[in-house]
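Fold and contact review
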Amino acid sequence: MTGSQIITAILVCFVIINIAASAAAMADKKKAIKGHRRISEKTLMLLGLFGGAFGEYLTMLKTRHKTKHKKFMIGLPLEIFLHIVIIILIIYKVALNQ
């Protein structure tokens, strides 16, 4: 794989996981409103950690879901920062190898 293919693949993965994390946050909000069994906080945080923090965070802010939970309002931005650092390091490493 070339450097640009690696970066494209990583970005596609981030987009897919962000869509999934956003969908999970919306589903959890709907379940909360209806009083149904919810998606666990652990699952939501893991989706964020695996790359979906940005989409999940924006969705939670937009729908006002879990905005009073420090775990999410501090944890997800920290995960976003971690993802940015990882992406920068990958791009830097790919650029060095070209």
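Here's a quick rundown of the structure. Just so it is clear, the structure is predicted and the values come from calculations on it, not from any experiment. (Residues numbered from 1 in each chain as written. Predicted model: local features only at pLDDT ≥ 70, side-chain atom pairs only at ≥ 80, totals over all residues. Heavy atoms only, no water.)

1. A look at a nonpolar patch on the surface
This is how it is decided: Here a patch means residues that are over 30% exposed by relative accessible area and free of salt bridges, tied together within 9 Å if like-charged and within 5 Å if nonpolar (Val, Leu, Ile, Met, Phe, Trp, Tyr). Accessible areas in this description were obtained via Shrake-Rupley with a 1.4 Å probe; residue shielding takes into account the shown protein chains only. Salt-bridge detection follows one rule: a side-chain nitrogen of Lys or Arg within 4 Å of a carboxyl oxygen of Asp or Glu. Runs of H or I in DSSP of at least four residues are treated as helices and runs of E of at least two as strands, each being numbered from the N terminus.
Taken together, the side chains of Leu-46, Leu-49, Phe-50, Leu-82 and Ile-86 define a hydrophobic patch exposed on the protein surface, amounting to about 440 Å² of accessible area. Secondary-structure elements contributing two or more residues to the nonpolar patch are α2 (41-63) and α3 (70-97). At three residues, the largest contribution of residues to the nonpolar patch is made by α2. Position of Leu-46 relative to the elements: it lies in helix α2.

2. Quick notes on the environment of Gly-55
Going by this rule: Whether a residue is buried, partly exposed or exposed follows from its accessible area with a 1.4 Å probe, protein chains only, as a fraction of its type maximum: under 20%, in between, or over 50%, in that order.
Summarising the element assignment, Gly-55 is placed in helix α2. Residue classification places Gly-55 among the buried positions, given a relative accessible area of 11%. For the pair Gly-55 and Ala-20, spaced 35 residues apart in the sequence, the C-alpha separation amounts to 8.4 Å.

3. Re unusual backbone geometry
Notably, Arg-64 is not glycine yet its phi reads approximately 55°, a positive angle. Relative to the helices and strands, Arg-64 is located in the loop between α2 and α3. A positive phi is found at Lys-66, a non-glycine position, where the angle reads about 65°. As for its placement among the helices and strands, Lys-66 is situated in the loop between α2 and α3. Given the relative accessible area of 10%, Lys-66 is considered buried.

4. Some points on α3
Defined as follows: Take the number of residues in a helix, subtract one, and multiply by 1.5 Å to get its expected span. Any two residues having at least one pair of non-hydrogen atoms within 4.5 Å are treated as being in contact.
The terminal C-alpha atoms of α3, which comprises 28 residues, lie 40 Å apart, in line with the 40 Å expected from a rise of 1.5 Å per residue. Taken as a whole, α3 has its buried residues at Phe-72, Met-73, Gly-75, Leu-76, Glu-79, Ile-80, His-83 and Val-94. Where α3 is buried, its residues meet α1 (3-34) and α2.

5. Topic: the pattern of salt bridges
A complete count under the given rule lists three salt bridges for this structure. Of the charged contacts in the structure, one is a salt bridge between Arg-38 and Asp-28, with a shortest N-O distance of 3.0 Å. Within this pair, whereas Arg-38 is found in the loop between α1 and α2, its partner Asp-28 is found in helix α1, the two being separated by 10 residues in sequence. Overall, Arg-38 belongs to the partly exposed group, its relative accessible area being 39%. Judged by its relative accessible area of 0%, Asp-28 falls in the buried class. Notably, a salt bridge pairs Lys-71 with Glu-41, separated by 2.9 Å at the nearest N-O pair. A residue pair is termed long-range when its members are at least 10 positions apart, and Lys-71 in helix α3 and Glu-41 in helix α2 qualify at 30 residues. Residue class for Lys-71 comes out partly exposed when judged on its relative accessible area of 45%.

It is worth stressing that arrangement in space is one thing and function is another; only the former is reported here.
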